[in-house]
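# Analysis of the macromolecular model
Below, each chain spelled out in residue letters.
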Amino acid sequence: MAIQVNDDRMTVTLAGAPQIYLYGVIDADAPQRFEALLKSGKVPAGADVYLNSSQGELAAGMALGRLFRASSMTTHLGTPRRKRGGYRGAKAAVCSGACAYAYFGGLYRWAPTGGDRIGLIRHRSAVTAPAQPMQGEADAYLKAMGIDLDALAAPPAPAVDSPIWLDADQMTVAGVANNGRLPLKTKSWLLPPAPSLELHQENRRGTYRLVLQCQPGSVTLTAYDQVGATRAAQIVAHETRSYFEVDRQPVLVEPRGAARVVDSAVVISRPWPPGELGRLLSSSSIGAWVGGRRSAFRYGATFVLYPARQAIKDFYNACWRVAPWPVKQAQEKNG
């Protein structure tokens, strides 16, 4: 397997880290060569790894994946580009077999785009001798990486040793690709006098929390973007407005000065109209954002609410018990 490290100034400036391209046959020594680059500092933790391989040893693919996960790397599909000498049109990347297992090792895993393809191979050993050690090792590896292939709903392979090609939607829905985000977590306190619900999610840029708290006659919505003190100060310095979004539509918009820095976080807090609380029961997403002087500047995060649906319902019911009249009005309004 060939390894190309693009660490020129433009790449590091735009991507925030070197870009590593692994392509060709994944041979038995590939993990050792990659580990040597990690130890030398040539490949930093958290780097972007681009994969393009349709052949290789399964054990080597899993060993690469373990190195990726230990260093919190992000995996993509992609073909190598020239470091110098001008642009060369990108070719579609193919990642199957051992490469797919290496891809699963990424802490953050981007689904394929364009003509790129990723495929799972039903190896002959898994069909004729399912109890062989390698198959058991592969299953243990997938479990350790948090990958549930049973959730893919992929069609059966047409033949043994033929790939099952996966599309981006399949991979994202099943959680096989997370597109830069770890799973959403919730934490609830549902007892009076102030029930609360916290949504918590990590991505490559930071940790994001959104807290709803209900008190008699009022609901407060507060977002914490924990991005580090320096970065938080930079974001607030460029703020011209801050706002929340429900189903990608801005709400609770405030002009400059409403966002603030608290410790290492950008904090946005608003009173939420109690009569609108029921809206979250059917909304698909909620987010909090800071906008800047330039139209392209926007910083924040959006939470997809489907995984938190039951927690939102429980919080809503707890709020009804604490502040029944405003919430009851919303309940009647939303049917």
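Everything here concerns the structure above.
Only a predicted model underlies this, so the values are computations on that prediction, with no experimental measurement involved. (Residues numbered from 1 in each chain as written. Predicted model: local features only at pLDDT ≥ 70, side-chain atom pairs only at ≥ 80, totals over all residues. Heavy atoms only, no water.)

## Looking at the sheet that holds strand β16 (residues 265–272)
- Across the sheet, which stays open at both edges, the six strands sit in the order β9-β10-β11-β12-β16-β15 with antiparallel pairing between neighbours. Bordering the open sheet on either side are β9 (185–189) and β15 (260–262), each of which pairs with just one other strand. Pairwise comparison of adjacent strand axes, ignoring direction, gives a mean angle of 25° for this sheet.
- As paired elements, strand β11 (residues 206–215) and strand β12 (residues 218–226) share nine bridges and run antiparallel to each other. (Pairing = 2+ DSSP bridges. Helix = DSSP H or I, 4+ residues; strand = E, 2+ residues; numbered from the N terminus. Axes fitted to C-alpha atoms, helices over the stretch in contact; angles between N-to-C directions.)

## Remarks on the packing of aromatic side chains
- Scanning the entire structure with this criterion turns up five aromatic pairs.
- With centroids separated by 4.9 Å and ring planes inclined at 20°, the aromatic side chains of Y21 and Y50 adopt a geometry described as stacked. Separated by 29 residues along the polypeptide, Y21 in strand β2 (residues 19–23) and Y50 in strand β3 (residues 48–52) bring together distant segments of the chain. The pair Y21 / Y50 is uniform in exposure class, with both members buried.
- Arranged with centres 6.1 Å apart and planes meeting at 40°, the rings of Y101 and Y141 form a pair that is tilted. Note that Y101 is positioned in helix α4 (residues 98–104) and Y141 in helix α6 (residues 133–144), a separation of 40 residues in sequence.
- Between R117 and the ring centre of W165, over which it is positioned, the NZ or CZ distance is 3.9 Å.
- The ring of Y224 carries the charged tip of R209 above its face, separated from the ring centre by 4.2 Å. (Phe/Tyr/Trp six-rings, centres within 6.5 Å; stacked < 30°, edge-to-face > 60°. Buried < 20%, exposed > 50% of the residue type's maximum accessible area, 1.4 Å probe, protein only. Lys NZ or Arg CZ within 6 Å of the ring centre and 35° of its normal.)

## Focus on the environment of E245
- Position of E245 among the secondary structure elements: in strand β13 (residues 239–246).
- On a C-alpha basis, the gap between E245 and I286 in space is 5.4 Å, while along the polypeptide they are 41 residues apart.
- Residues contacting E245, with those up to four places away along its chain left out, are P250, V251, S285, I286, G287, W289, R298 and T302.
- At a separation of 3.4 Å, a polar atom in the side chain of E245 contacts the side chain of W289. (Contact = heavy atoms within 4.5 Å. Polar contact = N/O pair within 3.5 Å; in protein donor to acceptor, adjacent residues only side chain to side chain.)

## Digging into the sheet that holds β3
- The sheet built from five strands is open, its strands ordered β1-β2-β3-β4-β6 with mixed pairing. The sheet is open, and its two borders are formed by β1 (2–6) and β6 (108–109), each paired with just one other strand.
- Bridge analysis of β2 against β3 gives five bridges, and the strand direction is parallel. Its bridge partner lying in β3, Y21 is registered against Y50.

## Looking at the nonpolar core
- L22, F34, L51, L64, F68 and Y103 are the most contacted members of the largest nonpolar core, which totals 44 residues.
- With seven residues, α4 is the single largest residue contributor to this core.
- The contacts of F68, once residues within four sequence positions are left out, are L22, F34, V49, L51, M73, T75, A102, G105 and G106.
- One finds I235, V236, A259 and L280 within the second-largest nonpolar core, a separate group that totals 37 residues. (Core = buried A, V, L, I, M, F, W, Y, C linked by side-chain atoms within 4.5 Å.)

## Points about the pairing of strand β8 (residues 163–166)
- Because side chains alternate across β8, one face comprises the buried residues I164 and L166, and the other comprises P163 and W165, none of which is buried.
- With four bridges joining them, strand β7 (residues 117–121) and β8 adopt antiparallel strand pairing. Counterpart to I118 in the pairing with β8 is L166.

## Observations concerning unusual backbone geometry
- Cis geometry marks the peptide bond from P192 to P193, where omega comes out at 10°.
- Looking at where P193 falls in the secondary structure, it is placed in the loop between β9 and β10 (196–203).
- Even without a glycine there, the phi angle at N179 is positive, about 50°.
- The residue N179 is located in the loop between α7 (168–174) and β9 in this model.

## A look at the environment of S71
- If you trace the backbone, S71 turns up in the loop between α3 (58–70) and β4 (74–77).
- The exposure class of S71 is buried, given its relative accessible area of 15%.
- With residues near it in sequence (within four places) discarded, S71 still touches L38, A45 and G46.

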